[in-house]
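The residues making up each chain are set out below.
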Amino acid sequence: MDNFIDKVQAVADRYEELSELLADPEVLADSQKYTELSKEEGDIRETVEKYKQYREVVDQISENEELQREKLDPEMDSMVKAELADLHGKKDQLEEDIKVLMLPTDPNDDKNIIMEIHGAAGGDEASLFAADLYNMYSRYAETQGWTVEVVDETPTDVGGFKEIVLMISGKSVYSKLKFENGAHRVQRVPVTESAGRVHTSTSTVGVMPEAEDVDIDIDAKDIRTDVYRSSGAGGQHINKTSSAVRMTHLPTGIVVAMQDERSQQQNREKAIRILKARVYDYYQTRETDAYNEERKNAVGTGDRSERIRTYNFPQNRVTDHRIGLTLNKLDRVMNGELDDIINALILDDQAKKMEQLRNE
């Protein structure tokens, strides 16, 4: 415990240092530096406040224990014992709160995301389930006050999606949706099944933090851009102009094609946003062997082939296989009520990080 308290004290010392730096005229004159330090101070403020409360409680415990060593009358002794019991309870709770606040944080947690949903195994039924997942995440985003923008889609004749790409923007989007990465399995009777047999299909979900310029700097010479005429609906304008854009990141071979918008410039802007996110995700997941090992151990941040969840419609049941969570309210989950699943995944992730912290 002493080692842990030393770590928290170091955070408190850094907070005092940051307070002084933020009052420095040189820092005030450098807006980028000031913003960086302000964010760092804000990130550790709650930890320092909890630590101050912890120190106060420890001091009160020490004072009461000193009182106990004196000869007190029975009534006073009883009061001191009761207060000590209360203080020890507060101390234990504050220790747990501080441990959670001291857990390593993902630098991407505050970011918006690019979400890619693909119909995988199962043909038409997989594409229909991809559409169901899109609706589920859209409804959940609405409850969170987030914004959902469709940046690319490949619809199917039956009303589903072979692929749909979303930009989800708002507060702490990545922190809540990063665990959705993986293969989602559906078990239900397809609308085309006349015999009423249950089929199993899968759709995959990919979640990538939106890359900012400070995260990744893609050299223009590493991008090959091709323009061509859009296909599909859109009228004469789309057929006559080369508004569609295909961008290829040459070092990785990552390709993004965009033809949703009427103008080439709009398609370029959307394509570069998705390309940056994909390239950032590519390099981030391959940065070091240690990071790759961490991803294998982390909940839901493995590759998309990992089956993470089953949606069983006949039994109105959803099961997250990573944490063994089963809920018998699939209808509500598909309507965007994902809090129970997402909160359980976050708690499981915190518990694993807490165990690592204890073992250090």
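Conventions used here
Residues numbered from 1 in each chain as written. Predicted model: local features only at pLDDT ≥ 70, side-chain atom pairs only at ≥ 80, totals over all residues. Heavy atoms only, no water. pLDDT = per-residue confidence, 0-100. Contact = heavy atoms within 4.5 Å. Phe/Tyr/Trp six-rings, centres within 6.5 Å; stacked < 30°, edge-to-face > 60°. Helix = DSSP H or I, 4+ residues; strand = E, 2+ residues; numbered from the N terminus. Buried < 20%, exposed > 50% of the residue type's maximum accessible area, 1.4 Å probe, protein only. Pairing = 2+ DSSP bridges. Salt bridge = Lys/Arg side-chain N within 4 Å of Asp/Glu carboxyl O. Expected span 1.5 Å × (residues − 1). Bend = angle between axes of the 7 residues up to and from the residue.

Regarding the confidence of the model for the protein
Taken over all residues, the pLDDT of the protein has a mean of 82, while the share at 70 or more is 86%. In the model, residues 288-292 has pLDDT below 50 throughout and makes 4 contacts with residues more than four positions away in sequence or in other chains. Every residue in residues 294-303 scores below 50 in pLDDT, and together they form 19 contacts with partners more than four places removed in sequence or on other chains.

A few points about the packing of aromatic side chains
In the structure shown here, the tally under the stated rule is 4 aromatic pairs. Ring plane angle 65° and centroid distance 5.2 Å describe the contact between F129 and Y311, whose orientation is recorded as edge-to-face. Here F129, found in helix 5 (residues 124-144), pairs with Y311, found in strand 9 (residues 307-312); they are 182 residues apart in sequence, far enough to count as distant. Taking the relative accessible area as the measure of exposure, F129 reaches 0% and is therefore buried. Considering the side-chain rings of Y140 and W146, the 5.6 Å spacing of their centres and the 85° angle between planes classify their relative orientation as edge-to-face.

Describing the pairing of strand 5 (residues 199-209)
Of all 11 residues in strand 5, 9 are buried; the element is thus mostly enclosed. As paired strands, strand 1 (residues 113-119) and strand 5 are joined by 7 bridges and run antiparallel to one another. Note on strand 5: the bridge partner recorded for G119 is S203. With 7 bridges connecting them, strand 4 (residues 182-188) and strand 5 associate as antiparallel partners. Its bridge partner lying in strand 5, G182 is registered against V205.

A few points about the pattern of salt bridges
Taken as a whole, this structure holds 24 salt bridges when the rule is applied. As a salt-bridge pair, E41 and R45 come within 3.4 Å of each other at their nearest N and O atoms. Placement of both E41 and R45 in helix 3 (residues 31-68) is noted, with a separation of 4 residues, approximately one turn of the helix. Judged by its relative accessible area of 34%, R45 falls in the partly exposed class. Ionic pairing is found between K352 and D348, a salt bridge with its closest N-O pair at 3.3 Å. Separated by 4 residues within a single helix, K352 and D348 lie in helix 11 (residues 339-359), roughly one turn from each other.

Some words on helix 3
The terminal C-alpha atoms of helix 3, which comprises 38 residues, lie 54 Å apart, in line with the 56 Å expected from a rise of 1.5 Å per residue. Of all the bends in helix 3, the greatest, near 40°, is centred on I44. Every buried residue of helix 3 is accounted for by L37, E41, I44, T47, V48, Y51, Y54, V57, I61 and N64.

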